[in-house]
Amino acid sequence: MIDLPQTLIRLGAQAGSKADAIAQVAALLTAAGRVAPGYVEGMLAREQQANTYLGSGIAIPHGTPETRHLIRQTGIAVLQVPGGVQWGEGGETVRLVVGIAAASDEHLDLLRRLTRVLGDDALVDKLSATTDAGDVQAALTGERPANTPDTGPTLPYSAQVTLPNPLGMHARPATGLANLVRSRGGRAQLTRDSGESAGESADATRLMEVLGLGLTRGTPLTVSADSPELLAAVTDAIRAGLGDDLSAAPAGQTPARREPDWAPQAVGATVEGVAAADGLVVGVTRQHAPRPLEVRDDPGDPLQEAARLTDALAAAHAELDGVVNDVSAKFGADKAAIFRAHQELLADEGTVQDTVGRILDGHGAAWAYQAATGTRIAQLQKLDDPTLAARAADLGDVQRRVLRQLLGVHEPEVHSGGPVILLAPDLTPSDTARLGPDTLLGFVTALGGPTSHTAIIARGLGLPAVVAAGSGVLEVPDGTPAILDGAAGRLYLNPSEADVHSARQRQDVLTRGREAARAARFEPGATRDGARVEVAANINRAADAGAALEAGAEGVGLMRTEFLFLERDSVPGEEEQEAEYRAMALALEGRPLIIRTLDIGGDKEVPYLGLAREDNSFLGLRGIRLCFERPDLFLPQLRAVARAAKDYPNIHLMFPMISTLEDFRRARAIFDTVRRELDAPEVPLGVMIEVPSAALIAGALAAEVDFFSVGTNDLTQYTLAMDRLHPQLARQTDAMHPAVLQLIHLTVQAAERHGKWVGVCGGAAGDEVGALLLTGLGVRELSVSTPQVAGVKAALRGRTLPELQALAREALNQPAAEAVRALVRPVVDGEAVA
Ligand code: PEP
Ligand code: MG
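Now for a quick tour of the structure. Note that this is a predicted model, so its numbers are computed, not measured. (Residues numbered from 1 in each chain as written. Chains lettered and ligands numbered in written order. Predicted model: local features only at pLDDT ≥ 70, side-chain atom pairs only at ≥ 80, totals over all residues. Heavy atoms only, no water.)

Once that is clear, we can look at the overall build of the protein. Scanning the protein for helices and strands turns up 29 helices and 25 strands. The buried share of the protein, reckoned over its 834 residues, is 56%. Sequence separation of 24 or more characterises 71% of the internal contacts of the protein that already satisfy a separation of 6 or more. Total accessible area on the protein is roughly 33,100 Å²; 51% of this is exposed by carbon and sulfur atoms. (Helix = DSSP H or I, 4+ residues; strand = E, 2+ residues; numbered from the N terminus. Buried < 20%, exposed > 50% of the residue type's maximum accessible area, 1.4 Å probe, protein only. Contact = heavy atoms within 4.5 Å. Areas by Shrake-Rupley, 256 points an atom, 1.4 Å probe, with all protein chains shown as cover.)

Have a look at this one:
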């Protein structure tokens, strides 16, 4: 390993020119006896042959082979030029000049370290300005970082956490983790505690290593760090979700498979895949097989190859800036975030290091990059989690972008000549964004999955898409007439004239339906015969109220107040909460607002509350149970609500996770005390029906509450004993299971006997079948996510209450959720909003 005594580091230097900087760094080497005086000529000569700018403001001047005899002892010297010095013709500014005198290959280790520094802008900035030579020593010497994942933690402090992210450890949280560790300094590792690769570890700052662990939601892992402070910071950040929304639907939670809404009568063949984006189109097919890039191993001078790599990475980064701007303008910033994540993949330290390692072993840059990324793509493809495996497609996309730069290849236009249904082995997110609706009617890929970014972009574009259709689709000749039904996951080939006609009619119906739903979104929610069903939105922040109202929402049926506690590191104060409740109530302009008290526990962890870990968190101190244990949280919240209610009579209060009558009485008594102390008015009080016991004693509860709101997400999980976050059980965890419907039926009957109303704020309310059946069961309010409001209202308008009641009665007698759904579909179709 190379040594770097402080005599070979000069901080705070100034240099008028590149030659001046080289002379100064050579002087350091000469003074320390590493080189004979003439070596500087070799360094300058070398610069004439090839610019030694490495990237990120670092240059590595070194002598020519002819001047190697002037080296007395291999060594390096560092000249820090905080004000910068112009280096190449491209106008690069260098702030760290690392002079190298290498008689053999001992400096390769240093180069590996340098590439690590290169990938880390914060570290480069620090080293370019530091006044402590020890920082430079530490960064450029020391252990060579391993290129392969370590096994088992090696750092002294460790703790166990369970990954809470619904989509597992994907690029965005992994980037957040890496940035956190870098900003704090020190080292942290993650080690998988379960599964086939149990015991495998990753450095927390290396994106690809971390992704390669294949951490899905619920995976137990050990975090280890070199200091207790760093350990606490990392475990807290992981528990808080690293910026992810922990209430989002988990991976693989696609709706239960439905029979297609529309089916042709006489087609040549049907290709079946997985539905990725809804829509029905008629057109002709075209194959799209991206030209494979020919990557040969052309070894060159390792330094030049490393520089080529740096240039290619920078060019790819700049290209992605363009894609981000383009996609933001066309489809919105959220879709563009995918390409920001690609930039992170590009900067992944582990990949860059691995590539440089291969370059230093004598391989060309393109070959080395392909090999380094190829290994990681293969690792990701192996993971049995569809979301993480889908990231392989993203990395493949990034790989191609960089290789194109290294090989000087331009991506050809995908096709010309009218919009087509594109058939491809797989499409990269870049392809999909580049194509757009003017060239594409929709697409079918042989591979891929519904959670891939390609599928997400297709949904954003409003293009129907089917993925994982199998390799047969690649045999379909160009120009084959076809109908693509994205919702059904089917491609129909060579349809009859009559089928094309019927598909076009169906298209018209769908388009008119969407337009009609939107146009009528401000009408009050009601069935065709005028039975009123309020359609409200589930939103958590006053800032979202405008969008909800614009979408047609008639109020807020569920404000999940725990969100005021997440995404921060301390408890929001009473005033802060009151301000938020007031703002929400005000924004709704008199429409009802149902504030739900804190529902922490289960999957919703708030790290800074220091709650004890529970083996069965969904069955433990969750929701109201936790609030009883923590008056320091509960009382300020109740006071904030009571104060706001003095001015806003539209405020309702609701308690989550009520499982006994005593739970409700106790919660009400506490609120009544708070209310009296503050001289606040009575507030309508409701309980959530999300535990089967609550539904079963709904009669007793109904006598005392003002309303019920059914939380179908939890009611389903507790009724069927299926973890709502379990990826393998996702398809079965269907609220349309007759057992769940029976409990809702009991609840509604009990409420009606006492003249109380029942709403539903769980996911089933926003599902069309759910909305119709729940209405048939007697539910009077449906609270759904904002984009679902118009569609739910439209679905209700298509039916009369007696029809829905008859359907609901039949549904209660079905043996399974599929049978319930099958029951509703054909009737819904018959009455499509035309
Ligand atoms: C539910 O359980 O259906 C519900 C609405 O509450 P949450 O999803 O917040 O648990
Ligand atoms: Mg719930």
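Neighbouring residues of ligand 1: 15 residues in total, closest Arg560, Arg596, Lys604, Asn713 and Arg724. The contact in question runs from an oxygen atom of ligand 1 to an N or O atom on the side chain of Arg596, over 2.8 Å. One of the side-chain N or O atoms of Asp714 is found 2.9 Å from an oxygen atom in ligand 1. Burial of ligand 1 by the surrounding chains reaches 100%, relative to a free accessible area of 280 Å². The set of elements that each furnish at least two residues to the shell around ligand 1 consists of β19 (556-560) and α24 (712-720). Broken down by element, the residue count for the shell around ligand 1 peaks at 3 residues, all from α24. (Near = heavy atom within 4 Å. Polar contact = N/O pair within 3.5 Å; in protein donor to acceptor, adjacent residues only side chain to side chain.)

Attention now goes to the coordination of the magnesium ion (ligand 2). Binding of the magnesium ion (ligand 2) to the protein goes through Glu690 (OE) and Asp714 (OD), at separations of 2.0 to 2.1 Å. With Glu690 in the loop between β22 (685-689) and α22 (692-696) and Asp714 in helix α24, this residue pair connects regions lying 24 residues apart in the sequence. (Donors = N, O, S within 2.8 Å, 3.2 Å for Na, K, Ca; no water.)

Opposite charge on two side chains permits pairing when their charged atoms draw close. In the structure shown here, the tally under the stated rule is 31 salt bridges. Residues Arg46 and Asp301 are paired through a salt bridge, measuring 3.1 Å at the closest nitrogen-oxygen approach. In this pair, Arg46 is assigned in helix α2 (residues 39-49) and Asp301 in the loop between β12 (280-287) and α9 (302-331), connecting sequence segments 255 residues apart. With a relative accessible area of 27%, Asp301 lands in the partly exposed category. The partner of Arg596 in a salt bridge is Glu562, with the nearest N and O atoms 2.6 Å apart. (Salt bridge = Lys/Arg side-chain N within 4 Å of Asp/Glu carboxyl O.)

Turning our attention to unusual backbone geometry. One non-glycine residue with positive phi stands out, namely Asn494, at about 45°. Within the secondary structure, Asn494 sits in strand β17 (residues 490-495). The backbone of Asp679 sits at a positive phi, close to 60°, despite the residue not being glycine. Locating Asp679 in the fold gives a position in the loop between α21 (661-678) and β22. On the basis of relative accessibility, which here comes to 66%, the residue Asp679 falls in the exposed class.

On to the sheet that holds strand β6 (residues 157-162), then. Sheet architecture is open: 4 strands sit in the order β6-β9-β7-β8, paired in antiparallel fashion. Two strands in the sheet have a free side with no partner beyond their single neighbour: β6 and β8 (201-203). Averaged over all pairs of adjacent strands, the angle between strand axes in this sheet comes to 25°, irrespective of strand direction. Here 3 bridges tie strand β7 (residues 188-192) to β8, and the two strands are oriented antiparallel to one another. What sits directly across from Leu190, in β8, is Ala202. Packed onto the sheet, helix α8 (residues 228-239) meets β6, β7 and β9 (220-225) and runs at close to 5° relative to β6. (Pairing = 2+ DSSP bridges. Axes fitted to C-alpha atoms, helices over the stretch in contact; angles between N-to-C directions.)

Our next topic: the nonpolar core. Grouped together as the largest cluster of nonpolar side chains are 97 residues, with contacts concentrated most on Ile651, Phe655, Phe708, Leu773 and Leu782. Among the elements that line this core, the one with the most residues is helix α20 (residues 631-647), at 8 residues. (Core = buried A, V, L, I, M, F, W, Y, C linked by side-chain atoms within 4.5 Å.)

This part covers the environment of Asp236. By the secondary structure assignment, Asp236 is in helix α8. For Asp236, a relative accessible area of 35% translates into the label partly exposed. Distance in space between the C-alpha atoms of Asp236 and Gly610 is 9.8 Å, their sequence separation being 374 residues.

Another point: helix α11 (residues 349-360). For α11, which comprises 12 residues, the first-to-last C-alpha distance of 16 Å matches the rise-based estimate of 16 Å (1.5 Å per residue) to within 8%. With 11 of 12 residues buried, α11 is to be regarded as a mostly interior element. Looking only at α11, the buried set comprises Glu349, Gly350, Thr351, Val352, Gln353, Asp354, Thr355, Val356, Gly357, Ile359 and Leu360. Of the residues trailing α11, Gly362 is marked for its positive phi of about 105°. (Expected span 1.5 Å × (residues − 1).)

With that out of the way, let us pick up the environment of Val267. Here Val267 shows up in strand β10 (residues 267-272). For Val267, a relative accessible area of 26% puts it in the partly exposed group. For the pair Val267 and Tyr492, spaced 225 residues apart in sequence, the C-alpha separation works out to 6.4 Å. With sequence-adjacent residues up to four places away left out, Val267 is seen in contact with Tyr492, Leu493, Asn494, Pro495 and Asp499.

This next bit is on the sheet that holds β22. With respect to topology, 8 strands assemble into a closed barrel ordered β18-β19-β20-β21-β22-β23-β24-β25, the strand pairing being parallel. Within the sheet, the average angular offset between the axes of one strand and its neighbour, ignoring direction, is 25°. Bridging between β22 and strand β23 (residues 707-710) involves 4 bridges; their strand directions are parallel. When the bridges of β23 are listed, Val687 appears paired with Phe708. Against the sheet, helix α27 (residues 789-797) engages β18 (534-538) and β25 (781-784), with an angle of about 160° to β18.

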